[in-house]
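Geometric and topological summary
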Number of protein chains: 2
Amino acid sequence: MYMPDIYRALGDPTRRKILLMLKSGDKTQKEIVAAFNISQPAVKKHLKVLLDEQIIKEQIHGKYRIYHLDLHMLQTAYQEMLHDIGDLLDHKLHSLKDYMEKGED
Amino acid sequence: MYMPDIYRALGDPTRRKILLMLKSGDKTQKEIVAAFNISQPAVKKHLKVLLDEQIIKEQIHGKYRIYHLDLHMLQTAYQEMLHDIGDLLDHKLHSLKDYMEKGED
DNA sequence: ACTTTACATAACCAAAAGGTTATACATGGG
DNA sequence: CCCATGTATAACCTTTTGGTTATGTAAAGT
């Protein structure tokens, strides 16, 4: 059984850029491919990793594949990583909530 | 010029365990090697990655190499990751904050 | 019906990652 | 000086990763 590995998902800069792209709105695979200068199958592999880790979701719309962030999972993922670093720094998870509260406008 | 990649540094479970070890105090390479059942050169490679990413520092003490956490860099890494998650989630902060508050126990 | 268009899939490749064993080097103790 | 200990380095191996090209398939436009 597959153990989701958030470090794997976020460990690649292309994948992080894809996530940033999706922040500004849902995107088709075509649009994502156009934003990088790697091939369509290469992009698709990155999307598969993000799908496997459940960081993004896919919707089929005719011949299009529309991708969008799974904000819940993404937040959980970062929470996990921050928790690991937080453990090392002796200041824990609540600082994320603090950050989010201060960051609101 | 080399851009430190915190995601790479934390991407391996052995390295995360090494960091956890170092949290409880500085360690010689010998002690770190003893804590895993992989070879000394394998451990050394992990240490090199952590050194490259400047997450840990090395001190030469006679024939010993003493490793310790670079808390400042960890702090920076933490901030970097907070920034990343902020970038991704900022316009959804409200619902996430609600989620986190409900999710706390 | 035919042809684009968007995506899927297969086969392949080079380089990186994570490990090994064997061996060299340097320091400290007897 | 000699030997044990701690670390460094070299050579090698396997698997994974991130990419490629080529080709197949399904939906949409004309």
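These lines cover the structure that appears in this document, whether it is placed above or below. (Residues numbered from 1 in each chain as written. Chains lettered and ligands numbered in written order. Predicted model: local features only at pLDDT ≥ 70, side-chain atom pairs only at ≥ 80, totals over all residues. Heavy atoms only, no water.)

Comments concerning the pairing of strand β3 (residues 64-69) of chain A
All names here are of chain A. What counts is decided by this rule: Strand pairing requires that DSSP identify at least two bridges connecting the strands. Secondary structure follows DSSP: runs of H or I at least 4 residues long count as helices, runs of E at least 2 residues long count as strands, and numbering of each begins at the N terminus.
Two elements, strand β1 (residues 27-28) and β3, share two bridges in a ladder whose sense is antiparallel. Looking at the pairing, K27 lines up with Y67 of β3. Inspection of the sheet shows strand β2 (residues 56-61) paired to β3 by six bridges, in the antiparallel sense. The residue of β3 that forms the bridge with I56 is L69. Between β2 and β3, which pair antiparallel and follow one another directly, the connecting turn spans two residues, one of which, G62, has a positive phi of 65°.

What to know about the protein's contact with DNA strand D
Quick note on the threshold: We call a residue near a given molecule or strand whenever any one of its heavy atoms falls within 4 Å of it. For this analysis, a polar contact is any N or O atom pair within 3.5 Å, provided that within protein one partner can donate a hydrogen and the other can accept it, and provided that sequence-adjacent residues contribute only side-chain to side-chain pairs. Here the nonpolar group is Ala, Val, Leu, Ile, Met, Phe, Trp, Tyr, Cys and Pro; Asp, Glu, Lys and Arg are the charged ones; every other residue, Gly included, is treated as polar.
Around DNA strand D, the structure places 20 residues, and the nearest of them are S39, K45 and H46 of chain A together with Q29 and K30 of chain B. Among all atoms of DNA strand D positioned within 4 Å of the protein, those belonging to sugar or phosphate total 67%. Within the side chain of D12 of chain A, a nitrogen or oxygen atom sits 3.3 Å from a phosphate oxygen of DNA strand D. Within the residue set of the surface near DNA strand D, elements represented by two or more residues are α4 (40-52) of chain A together with α3 (29-34), α4 (40-52) and β3 (64-69) of chain B. Here the surface near DNA strand D takes four residues from α4 of chain A, the largest share from any one element. Counted by class, the surface near DNA strand D contains five nonpolar, six polar and nine charged residues.

What to know about the packing of aromatic side chains
How we decide: When two rings of Phe, Tyr or Trp (its six-membered ring) have centres within 6.5 Å they constitute a pair, described as stacked for plane angles under 30 degrees, edge-to-face for angles over 60, and tilted for the intermediate range. Only lysine NZ and arginine CZ atoms are considered, and such an atom sits over a ring when it is within 6 Å of the ring centre and within 35 degrees of the ring normal.
Considering all chains together, one arrives at zero aromatic pairs over all chains under this definition. In this structure, R16 of chain B packs its charged tip against the face of Y7 of chain A, placed 3.9 Å from the ring centre.

A closer look at the protein's contact with DNA strand C
Residues in close proximity to DNA strand C total 20 residues, the closest being Q29 and K30 of chain A together with S39, K45 and H46 of chain B. Protein-proximal atoms of DNA strand C, defined as those within 4 Å of the protein, fall in sugar or phosphate at a share of 68%. Contacts to DNA strand C include K30 of chain A, whose backbone N or O atom sits 2.6 Å from a phosphate oxygen. Measuring from a phosphate oxygen of DNA strand C, one finds a side-chain N or O atom of K44 of chain A at 3.5 Å. When contributions to the surface near DNA strand C are tallied by element, the ones reaching two or more residues are α3 (29-34), α4 and β3 of chain A together with α4 of chain B. In terms of residue count, α4 of chain B provides more of the surface near DNA strand C than any other element does, four residues in total.

Side note on the sheet that holds β1 of chain A
All names here are of chain A. The condition is simple: Residue contacts are defined here by distance: any two heavy atoms, one from each residue, within 4.5 Å place the two residues in contact. Angles shown run from 0 to 180 degrees and are taken between the N-to-C directions of axes, each axis being a line fitted to C-alpha atoms and, for helices, limited to the stretch in contact.
Spatial ordering of the open sheet is given by β1-β3-β2, a layout of three strands whose pairing is antiparallel. Looking at strand neighbours, the two that pair on one side only are β1 and β2, the edges of this open sheet. Of the strands in this sheet, β1, β2 and β3 touch helix α2 (residues 13-23), which is tilted by about 90° from β3.

Let's talk about the packing of helix α5 (residues 71-89) of chain A against helix α5 (residues 71-89) of chain B
Put simply, the test is: Orientation labels follow simple angle bins: below 35 degrees gives roughly parallel, above 145 gives roughly antiparallel, 65 to 115 gives roughly perpendicular, and whatever is left gives oblique.
Put simply, α5 of chain A and α5 of chain B touch, their axes get as near as 10 Å, and they point 170° apart. Between α5 of chain A and α5 of chain B, the angle falls in the class roughly antiparallel. Judged by residue contacts, L71, L74, Q75, Y78, M81, L82, I85, G86, L88 and L89 of chain A of α5 of chain A engage L71, L74, Q75, A77, Y78, M81, L82, D84, I85, L88 and L89 of chain B from α5 of chain B. When its residues are assigned to classes, the contact of α5 of chain A with α5 of chain B shows 17 nonpolar, three polar and one charged.

Side note on unusual backbone geometry
Most peptide bonds take the trans configuration, and most residues that are not glycine carry a negative phi. Residues and elements named next belong to chain A. Formally: Burial classes follow relative accessibility: with a 1.4 Å probe on protein chains only, a residue under 20% of its type's maximum area counts as buried, one over 50% as exposed, and anything between as partly exposed.
One non-glycine residue, Q54, lies in the positive phi region at around 60°. Mapped onto the secondary structure, Q54 falls in the loop between α4 and β2. Its relative accessible area of 40% is what places Q54 among the partly exposed residues.

Topic: the pattern of salt bridges
Any two side chains of opposite charge can pair, on the condition that their charged atoms come close. Residue and element names in this part refer to chain A. Spelled out, the test is: Criterion for a salt bridge: a side-chain nitrogen of Lys or Arg within 4 Å of a carboxyl oxygen of Asp or Glu.
This model, assessed by the stated rule, comprises six salt bridges over all chains. Across the pair R8 and E53 runs a salt bridge whose closest N-O atoms are separated by 3.0 Å. Of this pair, R8 sits in helix α1 (residues 6-10) while E53 is found in the loop between α4 and β2, placing the two residues 45 residues apart along the sequence. A residue is classified by how much of its surface remains accessible, and R8, at 36% relative accessible area, is partly exposed. One salt bridge in this structure joins D52 and K48, with 3.0 Å as the shortest N-O distance. With D52 and K48 both in helix α4 and four residues apart, the pair spans about one turn of that helix.

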